[in-house]
Amino acid sequence: MSAATAPRIARSSEEFTDNGVVTLTSIEQKRIEDIIKQACSLFEPPLSEPNLFRDRHYQYLKKGLHHLSDAYECLDASRPWICYWILHGLELLDEPVPDSLASDVCAFLKLCQCPDGGFGGGPGQQAHLAPTYAAVNALCILGTEESYAVIDREKLQSFLYRIKQPNGDFCMHQGGETDVRSAYCAASVASLTYIMEPKLFEGTADWVVSCQNWEGGIGGVPGMEAHGGYTFCGLAALVILRKERMLDLQRLLRWVVNRQMRFEGGFQGRTNKLVDGCYSFWQAGLLPLLHRSLMNEGDQALSEQRWMFHQEALQEYLLMCCQHVAGGLLDKPGKARDFYHTCYCLSGLSVAQHFCKDGLSKDTIVGKESNALQPTHPIYNIDPDKVARALVHFSKLGIPTRVCPADEPDKLNP
Ligand SMILES: CC(C)=CCC/C(C)=C/CC/C(C)=C/COP(=O)(O)OP(=O)(O)O
Ligand SMILES: [Zn+2]
């Protein structure tokens, strides 16, 4: 389907204003719609096919593994994230990482690993669940004996026990905050590296479920506004724990499908906020998880061909509004490119291109076939084959047995 003829979900917000009330939010929304309109006008016929700037994105990502600009100084405590964002972007583009570069990344992430387990945001930094999640994902993307060997699984397991809370949730780091991100990061690394045991996740599902709120989505902590980032973390954590049926999935579905913007085609993170390219993964990525969960609940009406969002409209938003001409992707037109948005815009584009159910797949590619990206795993957001390889590798090693499990939990977080 050409971009020019693709049906838009609905019309601009102006056409929905029935009481004429102007607020700061409505002014901002209108301004963004005007910017989107302008960006899309560049694709009027005959230039109607939006093109993925594959090579420019590749060059941008490749350079980031060697050199970062001063703008990344503020991410000094997120360096494993930068490795993950870049490596995942490269695998989506089907660009291999040379062996020597892969070894350099392994050596760097080894320096980020803490003597007591888990990974910090950089060498010598305190162990934290977010960079731990990013480091494990990055090492699994590399998928070599060398990269798997970096992870000290016994110590990773004891780090998780140390930050586990009596209510089932985890602190992001010793003495740190708790929210739904931590349940996902902990469940993700524990399942991928095969260190998961029931005791470690006792109470976790109940805690995550308590964060589903009146809107149907999931907030960071109980009672908080629902947000796409937390909703993805909550649902993905429950899918790993095989407890997603404890959520009200119909209300979750209703909430997320209403986060796709009727004019822009991209997703917003929460009600009455602006479209942002990164929610192409955090929000649209919920639909494959929901599809599987509802199928397991016996829902007979599920499509065999499509996810329950407008896949073409999301692809158009990403291709027409989120690509930087010099490579890299972004939140919305006029914003700067960065590796976070490049990773999650490409991840969302991949979700929107590839439907898969029970081994049956159906591709819906906006623009040329060469726009197609590699698929991504709906839970871990890395190449599905790399997930399978990591599971085979780590399951052979068995679950580490701790000397005295009862002594560890909450020792440092009474
Ligand atoms: C695995 C892992 C650690 C996942 C993180 C998930 C994630 C993206 C959470 C978002 C958190 C948040 C409150 C964003 C609001 O940003 P904002 O107010 O700037 O944006 P908004 O206006 O779009 O809501
Ligand atoms: Zn964003």
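Calculation notes
Residues numbered from 1 in each chain as written. Chains lettered and ligands numbered in written order. Predicted model: local features only at pLDDT ≥ 70, side-chain atom pairs only at ≥ 80, totals over all residues. Heavy atoms only, no water. Core = buried A, V, L, I, M, F, W, Y, C linked by side-chain atoms within 4.5 Å. Buried < 20%, exposed > 50% of the residue type's maximum accessible area, 1.4 Å probe, protein only. Contact = heavy atoms within 4.5 Å. Helix = DSSP H or I, 4+ residues; strand = E, 2+ residues; numbered from the N terminus. Phe/Tyr/Trp six-rings, centres within 6.5 Å; stacked < 30°, edge-to-face > 60°. Donors = N, O, S within 2.8 Å, 3.2 Å for Na, K, Ca; no water. Tetrahedral: all angles 85-135°; square planar, octahedral: opposite > 155°, others 65-115°. Polar contact = N/O pair within 3.5 Å; in protein donor to acceptor, adjacent residues only side chain to side chain. Near = heavy atom within 4 Å. Areas by Shrake-Rupley, 256 points an atom, 1.4 Å probe, with all protein chains shown as cover. Axes fitted to C-alpha atoms, helices over the stretch in contact; angles between N-to-C directions. Parallel < 35°, antiparallel > 145°, perpendicular 65-115°, else oblique. Left-handed = near helix turned anticlockwise from the far one by under 90°. Nonpolar A, V, L, I, M, F, W, Y, C, P; charged D, E, K, R; others polar. Pairing = 2+ DSSP bridges.

Asks: Tell me about the nonpolar core, and name the residues and values.
Replies: Tyr-84, Leu-129, Leu-160, Leu-235, Leu-290, Phe-309 and Tyr-344 are the most contacted members of the largest nonpolar core, which totals 129 residues. Apart from the residues within four sequence positions on either side, Leu-129 is in contact with Phe-159, Leu-160, Ile-163, Phe-170, Cys-171, Met-172, Ser-182, Cys-185 and Ala-186.

Asks: Explain unusual backbone geometry to me, and be specific about the residues and the numbers.
Replies: Positive phi, close to 55°, is recorded for Arg-242, a residue that is not glycine. Relative to the helices and strands, Arg-242 resides in the loop between helix H10 (228-240) and helix H11 (249-257). At Asn-381, a position not held by glycine, the phi torsion is positive, near 55°. Assignment of secondary structure puts Asn-381 in the loop between strand E2 (360-363) and helix H16 (384-395).

Asks: I'd like a rundown of the packing of aromatic side chains, residues and numbers included.
Replies: This structure, assessed with the given rule, holds 19 aromatic pairs. Ring centres 5.1 Å apart and planes at 35° place the aromatic pair Tyr-72 and Phe-339 in the tilted group. With Tyr-72 in the loop between helix H2 (54-66) and helix H3 (79-92) and Phe-339 in helix H15 (residues 339-353), this pair connects stretches of sequence that are 267 residues apart. No difference in accessibility class separates Tyr-72 from Phe-339, as the two residues are buried. Geometrically, the ring pair formed by Trp-307 and Phe-355 is tilted, given 4.5 Å between the ring centres and 50° between the ring planes. Linking Trp-307 in the loop between helix H13 (286-296) and helix H14 (311-321) with Phe-355 in strand E1 (residues 354-357), this pair joins segments that are 48 residues apart in sequence. Under the relative-accessibility criterion, Phe-355 is labelled buried at 0%. In textbook terms, an aromatic cluster arises when at least three aromatic residues are bridged by ring pairs, as seen for Trp-81, Tyr-84, Trp-85, Tyr-133, Tyr-184, Phe-232, Phe-281, Trp-282, Tyr-340 and Tyr-344.

Asks: Outline the coordination of the zinc ion (ligand 2), listing residues and values.
Replies: Those donors, Asp-276 (OD), Asp-276 (OD), Cys-278 (SG) and His-341 (NE2), are the protein atoms that reach the zinc ion (ligand 2), and they lie 2.1 to 2.5 Å from it. Around the zinc ion (ligand 2) sit four donor atoms; with metal-centred angles ranging over 56 to 123°, the donor geometry is irregular. Each donor residue of the zinc ion (ligand 2) lies on the same chain, and together they follow the pattern D-x1-C-x62-H.

Asks: Give me the lowdown on the environment of Asn-137, citing residues and values where you can.
Replies: With respect to the secondary-structure elements, Asn-137 resides in helix H5 (residues 129-142). For the pair Asn-137 and Ser-188, spaced 51 residues apart in sequence, the C-alpha separation works out to 8.9 Å. With near-sequence residues (within four places) excluded, Asn-137 lies in contact with Tyr-84, Ser-188, Leu-192, Tyr-380 and Ile-382. Looking at Asn-137, its side chain comes within polar contact range of the main-chain oxygen of Tyr-380, at 3.1 Å.

Asks: Hey, could you go over the site of ligand 1 for me, with residue numbers and the actual values?
Replies: In the region of ligand 1, 13 residues are neighbours, and His-227, Gly-229, Arg-270, Lys-273 and Tyr-279 sit closest. A distance of 3.2 Å is found between an oxygen atom of ligand 1 and a side-chain nitrogen or oxygen belonging to His-227. At 2.7 Å, a side-chain N or O of Tyr-279 approaches an oxygen atom of ligand 1. Contact with the protein chains removes 70% of the 640 Å² of surface that ligand 1 exposes when unbound. Counting only elements with at least two residues in the shell around ligand 1, the list comes to helix H8 (180-192), H10 and helix H12 (279-282). Looking at the shell around ligand 1 element by element, the count peaks at three residues for H10.

Asks: Could you give me a rundown of the packing of H10 against H11, with the residues and numbers involved?
Replies: When two helices pack together, their arrangement is given by the angle between the helix axes and by the axis-to-axis distance. Where H10 contacts H11, the two axes come as close as 12 Å, and the packing angle between them is 150°. The angle between the axes of H10 and H11 places the two elements in the roughly antiparallel class. Considering the relative orientation of H10 and H11, their crossing is left-handed. Two secondary-structure elements touch here, H10 through Gly-228, Thr-231 and Leu-235 and H11 through Leu-249, Leu-252 and Trp-255. Of the residues that constitute the contact of H10 with H11, the class distribution is four nonpolar, two polar and no charged.

Asks: Describe the pairing of E1, and please don't skip the residues or the numbers.
Replies: Judged from the four bridges that link them, E1 and E2 form a sheet pairing that is antiparallel. Among the inter-strand pairings, Cys-356 is bridged to a residue of E2, identified as Ser-361. Joining the antiparallel neighbours E1 and E2 is a turn of two residues, in which Asp-358 adopts a positive phi near 55°.

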